[in-house]
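Structure at a glance
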Amino acid sequence: MRLKKFEHFEPRTLSEACQLLNEHGSKASVIAGGTDLVVRMKYGVTTPECLINLKKVDGLSAISSVGENLHLGALATLTQVRCSELVQERYPILAEAALAVGAAQLQNMGTIGGNICLEPRCWYFQQGNSWRQARPNCFKNGGAVCYMAKGSKRCYALYCGDTAAALLALGAKVRLVSLGGERTVPVEEFFVDDGMRHTNLRPGELLAEVILPGPGTGQRGTYLKYRKRGALDFPIVGVAAVINKGATAASRLRIAVTGVGSSPSLVVPPADFPAGTGLTHEMIDRMAEIARKQVKPVSHMEVSPGYRKELVGVLVRDALEKLAGA
Amino acid sequence: MSEYAVLGKRLPRVDGPVKAAGTARFTDDLSLPGMLYGKILRSPHAHARIVRIDTTRAENHPGVRAVIVGEDFGDYRYGLRADTRDEYPLARGKVRYLGEEVAAVAAVDEETALEALNLIQVEYEVLSAVTDPEEALREGAPQLHDDKPGNISVHMKTSFGDVDDAFRQADYIREDRFYSQSVLHGFLEPNAALALWEAPNRITIWASKQSPYFLYRNLSNCFNVPLSNVRLIQPYIGGGFGGKNGGYPVDFCAVMLSKKTGRPVKIVLTMEEVLSSHRRRHPMIVRLKTGVKKDGTILAHDCRIIADGGAGTGVGPSTIANAFYFLNLPYVVPNVRYEAFRVYTNRPISVAQRGNGIQQIRYAADVQLEMIAHDLGLDPVQIRQKNAVYTGYRTASGMNIHSCGLQETITEAVKAAEWETHYRPWQEKEKEPLGRIATGVGIACNSFQSGARLTGHNCCTAVIKVHEDGTASLLTGSTDSGQGSETVLAMIVAEVLGTRLEDVFVPQTDSTVTPVDPGSFGSRVSSTAGNAVLIAAQDARSQLLPVAAELLKAAPEDIEFRDRKVLVRGAPDRVLRFRDLTRQTVAWGSGTSIIGQGSWGQTVPPMNFETGEGDASGAYSFGTQAAWVEVDTQTGKVTVPRMVVAHDLGFALNPLAVEGQHEGSIAGGVGHTIYEHCVEENGQNLTPNLTAYGLPTVYDLPEEMVSLSIETIDPVGAFGAKESGEGTQVSTIPAIVNAIHNAIGVWITDLPVTPEKVLKALRDRKAQDRATEGGQP
């Protein structure tokens, strides 16, 4: 089946892209790898009048060291990210997360920028036209109901990006550009826990770059993904954990969770969480319990909220045990 | 072993290269000049009265050539038997499930057809729906069909032996409830049809069918066209598994739209349409009571089944009968009682799927046998050996076993699974703390019909045309839906004519050209069509033999056909190339054609859908599967790293093809056990796409799959062959479920085995232990 007609723009520069985005506003969708957007367009749940294709924007897929940081262009494919020697050497957790996305074909097409911006998912949203006609539209399809949480005032679609959890745990930042200028925000400030609008991207703004801070030395991290099958599936729960040697207590341990709410979220260690010593089993158990208690899953897609909560505890424990043993 | 020149060899499938290269043409790859595209409008309600359909706007839409509704088909209904015809090409008066076909459009392209669907106005009066078969049986439940009170689609009640007395004699009795869920067929080529109506009354249709002659008759009846004018051509098929047997709305609509427009019309369903509203396996609630002696000898089964039939009957009577027949095998059951209700619900129609009704019953019976062994402290292997049927056995219901290698399959499976090393009874493991990953092994046995013996036309016919260059064409109506029959049947021809596999061409089914055939269901092709091909090849050979005798100056009985040569036994110097023989034969006298013909049908009477008495087939396969599982005790996730299939298939016509079948069975069985189910809400499938439905990927299948063939040379099947395609999936579920118990001590009686269920069961184990001690001593 062919897609509905749309205009297709291929800007050569970021400013040209921003110009187009400004011009067409909400009628436009930005496309990079298309692995998420095209599926939604086929379903007819996203019907842009024009597509702004970033593929031809110069230099947007570069992975390069800038000072002591590492910059990833938003257009770098997941395959590029996971195969990059710089990423593998300095932030192996990100390579791990990129490898966990979908399958090889999707990694070849999908980009890091697209994976971060991945539209929240829900059984009641990503469905074909005739399926949706069988019930009133949910929030995400322009209606006024959330079938995941009947009676709720908001949409509980699940954010299921893998790389965002790793980036969150790494303390990465994203550079956002618009006609008016640019801003760089930490990943945790980029996301919003709202199925309808899960990022802080402002109208006319584009995600241009991911910035990984520091040389990555003295850092260990891992991304664990629990999914139904060995390939293809989005995470039921994904947990990223990063330990920084010699850092202060607050930044020493960073844990991020994805697949649980409408955005990825950080699990914050308590203020008294010990620094400077190795992770003991007691500390790990305690952290797992904190994580389990902190998450408040609502969606019953695939599994019940209770089971999803359990999994968060298990995966946090597994991740920390792995880091402690490494 | 070396008795045969071609058979028994591991020959790659003849359709392999074109499928691997992507050049095989499936229905959607075909197009005709002037072809229109069809789309189907489906019901958004699970149960509703159709008050009015207004197609005017759709008809006036530019590019639309025809719009059809139920009334266009008059009163035509279809189904397995006269009394079960409850399906319409398009809904009439009422819709009975969400996704049921209501109208269809033909337009110049797909987009226009889709636009037109939105312009069809259907006014519904929504009725209350019932999607649970137990609720559908209750008084006051919404009724689906006016002529089927109580929502009963099929009822079967039967008994053999003295069940009550057997339970009185029993030392131990268990009663359990098992549930097997809605599983989809999982073929990757959606249903598709390309139809051409030529006035006044000629139909040509290319359709994805595993049993094309059902549709050939359906179309003749529906359009009142003689069978000679129904030409059904079978392109390559992307899997069927029971979901492409009969005629479906997609076929009827394509023909009707072509009739209305005078142009060819193609309809290809989307995967969403297939997964949400096409056919599926029968979900079943099985209540099974079993009595045994102290030593584990089975005395009786008392079984009650409620099968969720969905909104129509389809081949349901065969499913219900099959479940009864295979309550009697593969173990000796001297007394048996059975009552089954196949119930209408407002859900898509349940039909046959690889194993047709037998998986569900054997899952219950074999897991329960394991429970009994566990309760009585008996060895799981020994209890199966003790109860295994044997050659010469006749079931209480009258099924006759002429060849049986069940004991050997148990022995071989146990050996290959290194059972002695890995098996420790749960009672022993129970005392130790559970590690993060708990491992266990499980075993289960199976039996299956080698060709379901149904009523009506049930024989296979083959015609072999030998060309003058020594090659041959085999005309058969038995369809290769991916199981490899094209290769195996060609091998039989090559064996008898002494040629090679590549010398035999098997064109795809074409009802104008190929002989009528029951279809590729019930594991019948290798054994039944195989015999027909054998007879036809012998017929062709017998036409060549007199010429060969004359040319070689030898007695016909001394002549051998082997490796493209014609030889005289005991006289190595007298040789003729087979192609020279065929050339000379064709030119003999004023010329002749070498056309061999053969028909073969089973000699047993048809299956009895009322009482289940007698045979279900002329031959039965037997087998054993062993599974090794790993259970993550923190997440509940079950993986099956290793699985063994040991199958008594009579004779392995092509061991490579057999392995493919065994691996496919494991894939299907693992999917059914662990991964697949339709999540539904008020009759709406929430998982109608391949991302959400979750067919297992290659990563989710056993890394090691061991395929063992036990050859018993059956007296009935071609060259002693029995089936090896469906029976092997029958025991996959109980083998895995039994292994899970061996790993973590819980019984999963409700499929699929989701991680969440496993985790809950682990936590509830103490409570469950109490509950399952309910059996009376």
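These numbers come from a predicted model, not from an experiment.

Comments concerning the sheet that holds strand β3 (residues 50-53) of chain A
Residue and element names in this part refer to chain A.
- Read across the open sheet, the 3 strands follow the order β1-β3-β2; overall the sheet is parallel. Since the sheet does not close on itself, it has two edges, and those belong to β1 (7-9) and β2 (28-31), each with one partner. Averaged over all adjacent pairs, the angle separating strand axes in this sheet is 25°, with direction ignored.
- One ladder, built from 3 bridges, connects β1 with β3; its direction is parallel. For F9, the partnering residue across the bridge sits in β3 and is I52.

As for the domain arrangement of chain A
Residues and elements named next belong to chain A.
- Per the domain assignment, the segments of chain A are domain 1 (1-57) and domain 2 (63-117 + 158-325).
- When each unit is reduced to the centre of its C-alpha atoms, the spacing between domain 1 and domain 2 is 26 Å.
- Listed by partner, the interface residues are 13 residues for domain 1 and 12 residues for domain 2.
- For the pair domain 1 and domain 2, the two sides together bury roughly 1,100 Å², of which 78% comes from carbon and sulfur.
- Connecting domain 1 to domain 2 are 0 residue pairs in polar contact (both at pLDDT 80 or more).
- Top element by residues in the side of domain 1 that touches domain 2 is helix α1 (residues 14-24). It accounts for 7 residues.
- When its residues are assigned to classes, the side of domain 1 that touches domain 2 shows 7 nonpolar, 5 polar and 1 charged.

Things to note about the sheet that holds strand β6 (residues 173-178) of chain A
All names here are of chain A.
- The 5 strands lie next to each other as β4-β5-β8-β6-β7, forming an open sheet whose pairing is antiparallel. What marks the edges here is a single partner per strand, and that holds for β4 (63-66) and β7 (181-186). Geometrically, the sheet is characterised by an average inter-axis angle of 25° between neighbouring strands, direction not taken into account.
- Here 5 bridges tie β6 to strand β8 (residues 206-212), and the two strands are oriented antiparallel to one another. Of the residues in β8, the one forming a bridge with V174 is V210.
- Contacts between α1 and the sheet are confined to β6 and β8, with β8 contributing the most and set at about 135° to the helix.

The rules behind the values
- Residues numbered from 1 in each chain as written.
- Chains lettered and ligands numbered in written order.
- Predicted model: local features only at pLDDT ≥ 70, side-chain atom pairs only at ≥ 80, totals over all residues.
- Heavy atoms only, no water.
- Pairing = 2+ DSSP bridges.
- Helix = DSSP H or I, 4+ residues; strand = E, 2+ residues; numbered from the N terminus.
- Axes fitted to C-alpha atoms, helices over the stretch in contact; angles between N-to-C directions.
- Domains from an automatic or database assignment.
- Contact = heavy atoms within 4.5 Å.
- Buried area = accessible area lost by both parts, 1.4 Å probe.
- Polar contact = N/O pair within 3.5 Å; in protein donor to acceptor, adjacent residues only side chain to side chain.
- Nonpolar A, V, L, I, M, F, W, Y, C, P; charged D, E, K, R; others polar.

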